[in-house]
Amino acid sequence: MNKLQVHFLGASETVTGSKYLVESNDVSFLVDCGLFQGIKELREKNWDVLPIDIATLDFVLLTHGHLDHTGYLPKLMSMGFKGAIYGTAPTLAIAEVILKDSAKIQEEEAERANEEGFSKHHPAEPLYTLDDVEYTLSRFKVVEVDTWIKIKPDVEVRFQTVGHILGACFIEIKTQGKRLVFSGDVGREIDDLLFAPKRPTEADYLFIESTYGDRLHPNIDPKQALKEIILSTLAKNGSLIIPSFAVERAQEIMYLIWQLSLSGEIPSINSILDTPMGAKVLGIFEEFASWHRLDKIECYKMFASFKIVKEFANTLQLMHTKTPKIVIAGSGMVTGGRVLSYLTTHIEDPNNTVLLVGYQGEGTRGRQLQEGCHEVKIFGKYYPVRAKIEMLQNLSAHADQNELLNWVKDIKTPPKKVFLIHGERQALDAFRVKLTTTLGWNCTIPTLYQIVDLLEE
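Conventions and cut-offs
Here the residue numbers are simple positions, counted from 1 along each chain's written sequence. Thresholds applied to this predicted model are a pLDDT of at least 70 for local features of residues and 80 or more for the giving and counting of side-chain atom pairs; totals over whole chains, interfaces and linings are not thresholded and use all residues. Side-chain measures were taken over the full set of non-hydrogen atoms in the model, leaving aside hydrogen atoms and water. Nonpolar side chains (Val, Leu, Ile, Met, Phe, Trp, Tyr) within 5 Å and like charges within 9 Å form the patches, drawn only from residues with over 30% relative accessible area and no salt bridge. Throughout, the Shrake-Rupley method with a 1.4 Å probe supplies accessible areas, and for residues the shown protein chains are the sole cover considered. We count a salt bridge whenever a side-chain nitrogen from Lys or Arg sits within 4 Å of a carboxyl oxygen from Asp or Glu. Residues counted as positive are Lys and Arg, residues counted as negative are Asp and Glu, and His and the chain ends are not counted. Charged groups are reduced to one reference atom each: NZ for lysine, CZ for arginine, CG for aspartic acid, CD for glutamic acid. Helix and strand assignments come from DSSP, with helices taken as H or I runs of at least 4 residues and strands as E runs of at least 2, each series counted from the N terminus. When a residue's accessible area, from a 1.4 Å probe over protein chains only, is under 20% of the maximum for its type it is buried; when over 50% it is exposed; and in between it is partly exposed. Read the arc as the range of directions from the helix axis to the C-beta atoms. Any two residues having at least one pair of non-hydrogen atoms within 4.5 Å are treated as being in contact. Under this definition, polar contacts are N or O atom pairs within 3.5 Å; protein pairs additionally need one hydrogen-donor-capable and one acceptor-capable atom, and for neighbouring residues in sequence, both atoms have to be side-chain atoms.

## Points about a negative patch on the surface
Here is step 1: The grouping of Glu41, Glu44, Asp48 and Glu362 at the surface amounts to a negative patch.
Here is step 2: Take Glu44: it is sitting in the loop between α1 (40-43) and β4 (59-61).

## A few points about helix α9 (residues 296-304)
Here is step 1: All of the buried residues in α9 are Cys299, Met302 and Phe303. Across the axial projection of α9, the buried residues extend over an arc of 95°, all falling on one side. Away from its buried face, by an angle of more than 90 degrees, α9 presents the exposed residues Ile297, Tyr300 and Ala304.
Here is step 2: In this structure, the buried side of α9 is in contact with α7 (249-262), α8 (276-287) and β14 (307-308).
Here is step 3: With a side-chain oxygen lying 3.1 Å from the backbone nitrogen of Ile297, the N-terminal cap of α9 falls on Asp295.

## Here we look at the pattern of salt bridges
Here is step 1: One pass over the full model with this rule turns up 21 salt bridges.
Here is step 2: Ionic pairing is found between Glu403 and Arg188, a salt bridge with its closest N-O pair at 2.9 Å. Placement of the pair is Glu403 in helix α13 (residues 401-408) and Arg188 in the loop between β10 (178-182) and β11 (205-209), with a sequence separation of 215 residues.
Here is step 3: Look at Glu403 and you get buried, because its relative accessible area is 10%.
Here is step 4: Residue classification places Arg188 among the buried positions, given a relative accessible area of 10%.
Here is step 5: Taken together, the shared-partner salt bridges in this structure form one network comprising Arg158, Glu172, Arg179 and Glu202.

Bear in mind that shape data such as this cannot, by itself, settle questions of function.
Put into structure tokens, the structure is as follows:
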């Protein structure tokens, strides 16, 4: 009897932890393998036993390199996975940087927990180690885009670019005469650095992200909005602190600040990139120039306009300087990274501005700041929020509702079923209603660990 099932192992009724098991007869593989992030309840799921037989898993396909799509890979390896991990060259390069950073954090947190005795586990252990990451990297295999690849006799896959970050793709899978399309994260139609997403034309079953399925990004020019925020902050002799994702968002903000400075629209100001991961991603931008709009000379000039901080000793010095500055530092949702150090010395000053530039997940400090919290806890201490909190939605790397609708409009025949994933419940339900009423498509919102038999749909 033929078998074609999908197991929803993450990013189901939530945004993070993207992980989907596809079983087609005797072939078993994952599309993405990410970590849960955000509230403690979600993060703890990273420690749950994955309800699949690792020994039968043949390979993994990666849509892109972000932690919530790749961050569980080393854990998978430590559980006995021995297959190949397929992704585009930029995706695998970004994944290497992100996974090494993640493992380092895991090891440091476990060590600190053991030294200070605040873990309920004795001893506390990391989810995975740098050795696990090195083993993971040995399984990486580069794929070319726009080309059908036969991985197994009855499984062909094709990767097509989808914006969002360098290397990101949606993945088409042909098996048993069916075409499954996994969107990954769909990028913006207009992007300063990346090319517009390609669109699928066929899909029997569509698995589509819905992060902004319930809203439209503001119709504003992000460069002009950023200019106004910078000028208003400088008028108060304050500093601008920008928590940012190290991959793509940091580089786009750098680009906009560089352009504003080149045109003389903002005065000369000390501009700082303080994220070791972001600094490494600059090298990936240089290596994979054909994946973005900047040439090598433009990359060099943009990078040269910023002070690139690598050592934490420099962070300690800069965070205590009172002279006006612009600081781009990780992490984007204010969950960790060096931006926390800057906030301890800047968030209590009303002359300063904190600019949020991307999606802020449920339960993160970024979401708290976005929603107007009066204080924020950092390193075990509460700090009053007196700095001005600004939000630039238009710098999001995710398509909004209209852009998602545009992304699917070239699909000639309605899919048999559309699965809405990678979104919070409100966004998922709003997008379900929109797709159903405007296109008449058969949509469903899968739950975590749900198993769907596609041959019965």
